[in-house]
Amino acid sequence: QAVHPGYGFLSENSEFCEALAQAGIAFIGPKTRAIEAMGDKITSKKLADEAGVNTIPGFTEALRDGDHAVEVSREIGYPVMLKATAGGGGKGMRVVRDEEECRDGFERAANEARSSFGDDRMFAEKFIEEPRHIEIQIIADSHGNIVYLNERECSLQRRHQKVIEEAPSPFLDAATRKQMGEQAVALAKAVDYQSAGTVEFIVDAHRNFYFLEMNTRLQVEHPVTELITGVDLVELMIRVANGEKLPITQDDVGINGWAIESRVYAEDPFRNFLPSIGRLVYYQPPKEDAHVRVDTGVFEGGEVSMYYDPMIAKLITYGANREEASAHMRSALDRFLIRGVSCNLN
């Protein structure tokens, strides 16, 4: 009767939604309009502006060429981030600090975007120095109810790919959390959003925050939110897709404890963390208990291939506070055994 698309590329593919609709199968996720509006970075930024959401200063039209990129960057003021409109997973992005870097960066990023997404349109925005990557989890039903489930901080990244995520953020205060949550809800309302979604923000050293993008799906790092709120996001997505009302209101959402997620990647630390492929000769995750959760799709004897993301598993630990969650994480990483492919456990 229904398909939950997980968090791979199909989860944000509006053609897939249409195909399911034609077959009379429910898509457990948002409606096509929200996916399309938020999937295009230029459209989503305009919508965010209109909804009263803080956005990064920049130029939201597509850049014509390298000269145009230089002209626009001069107006914005260096450093500038050049981004592919259809981008994702850190592809088609370049930070440029002067005119020479800007021309070169524009060509390289546009070429990368063309080969990765078949779309080489680029736009430019101010690059925020010392940024923190903080995102707000929302859940919305088809009856007009939207709730934000606090934030996750995902600032620890490599090549724009998240490696460590935690909830709550050690950096936010209650007032900023409330402002960010309310803006995320305003954006969701603007596209008549239904299901789980995440509004990503860049936050500077003074807690000024700016809209980055909206992920119209369940995110890889959803377990940290589930652990501190006691809410099962996947269950709520299924209930919402079934036409049910949200069983919670904003007043029901609290912060209980602290959770940290480490992404275990098949990457070779000695070769600049390049993806590592091969057979999982030995795969033994730590035992799950009240403090340890492991989400994975691999098995001993299975193969890690070059055709998919190098993530092997997510190790999530929970504690009363950040120190406790961190201690459980260190202990669980020590007990995690993987042989056959290089990985980032150490």
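The preceding data block contains the structure.
Anyway, here's the lowdown on the structure attached to this text.

**A look at helix α3 (residues 41-50)**
Buried within α3 we find Lys-41, Ile-42, Ser-44, Lys-45, Leu-47 and Ala-48. Buried residues in α3 make contact with α2 (32-39), β3 (58-59), β4 (80-88), β6 (122-126), α6 (174-190) and β11 (209-215).

**Here we look at the environment of Gln-179**
Within the secondary structure, Gln-179 is located in helix α6. Using a relative accessible area of 45% as the deciding quantity, one classes Gln-179 as partly exposed. Sequence separation between Gln-179 and Phe-209 is 30 residues, and the spatial gap between their C-alpha atoms is 9.5 Å.

**Considerations on the sheet that holds β6**
Taken in spatial order, the four strands make up an open sheet running β3-β6-β4-β5, and their pairing is antiparallel. Of all strands in the sheet, those with a lone pairing partner are β3 and β5 (91-96), marking the two edges. Of the strand pairs in this sheet, β4 and β5 are connected by five bridges, and their pairing is antiparallel. If you follow Met-81 over to β5, its bridge partner there is Val-95. In the packing of helix α5 (residues 99-117) onto the sheet, the strands contacted are β4, β5 and β6, and the crossing angle to β5 comes to about 170°.

**Thoughts on the pairing of strand β9 (residues 161-167)**
Residues in a regular strand project their side chains so that they alternate between the two faces of the sheet. Counting buried residues along β9, five of its seven residues qualify, which places the element largely inside the surrounding structure. Across four bridges, the pairing between strand β8 (residues 146-158) and β9 is antiparallel. Counted as the bridge partner of Glu-153 is Glu-166 from β9. Linking β8 to β9, which pair antiparallel, is a turn of two residues; within it Arg-159 sits at a positive phi near 50°.

**Brief notes about empty space enclosed by the protein**
All told, the structure shown has one cavity of 30 Å³ or more when counted by the stated rule. By volume, the largest cavity amounts to about 40 Å³. Lining of the largest cavity is provided by Lys-41, Lys-45, Lys-83, Phe-123, Glu-125 and Leu-212. Counting only elements with at least two residues in the lining of the largest cavity, the list comes to α3 and β6. Tallied by class, residues from the lining of the largest cavity come to two nonpolar, no polar and four charged.

**What to know about helix α8 (residues 233-241)**
Within the span of α8, buried status applies to Leu-233, Leu-236, Met-237 and Val-240. End-on, the buried residues of α8 take up no more than an arc of 105°, which puts them together on one face. The secondary structure elements touched by the buried residues of α8 are β7 (132-140), β8, β10 (195-203) and α7 (222-229). N-capping of α8 is provided by Asp-232, with a side-chain oxygen placed 3.1 Å from the backbone N of Val-234. The positive-phi residue at the C-terminal boundary of α8 is Gly-243, with phi of around 85°.

**Some thoughts on unusual backbone geometry**
Working note: non-glycine residues mostly have negative phi, and peptide bonds are mostly trans. Residue Pro-79 is bonded to the preceding Tyr-78 through a cis peptide linkage, with omega at -5°. By the element assignment, Pro-79 lies in the loop between α4 (66-76) and β4. In the segment running from Ala-167 into Pro-168, the intervening peptide bond is cis, with an omega of -5°. For Pro-168, the position within the fold is in the loop between β9 and α6. Positive phi, close to 45°, is recorded for Glu-130, a residue that is not glycine. Of note, Glu-130 is situated in the loop between β6 and β7. Owing to a relative accessible area of 66%, Glu-130 belongs among the exposed residues under this scheme. Unusually for a residue other than glycine, Asn-272 sits at a positive phi of about 55°.

Conventions adopted
Residues numbered from 1 in each chain as written. Predicted model: local features only at pLDDT ≥ 70, side-chain atom pairs only at ≥ 80, totals over all residues. Heavy atoms only, no water. Buried < 20%, exposed > 50% of the residue type's maximum accessible area, 1.4 Å probe, protein only. Helix = DSSP H or I, 4+ residues; strand = E, 2+ residues; numbered from the N terminus. Contact = heavy atoms within 4.5 Å. Pairing = 2+ DSSP bridges. Axes fitted to C-alpha atoms, helices over the stretch in contact; angles between N-to-C directions. 1 Å grid on protein atoms, 1.4 Å probe; cavity = no way out; pocket = protein on both sides within 12 Å on 5 of 7 lines; lining within 4 Å. Points joined across faces, edges and corners; volume = space filled by probe spheres on them. Nonpolar A, V, L, I, M, F, W, Y, C, P; charged D, E, K, R; others polar. Arc of directions from axis to C-beta. Polar contact = N/O pair within 3.5 Å; in protein donor to acceptor, adjacent residues only side chain to side chain.

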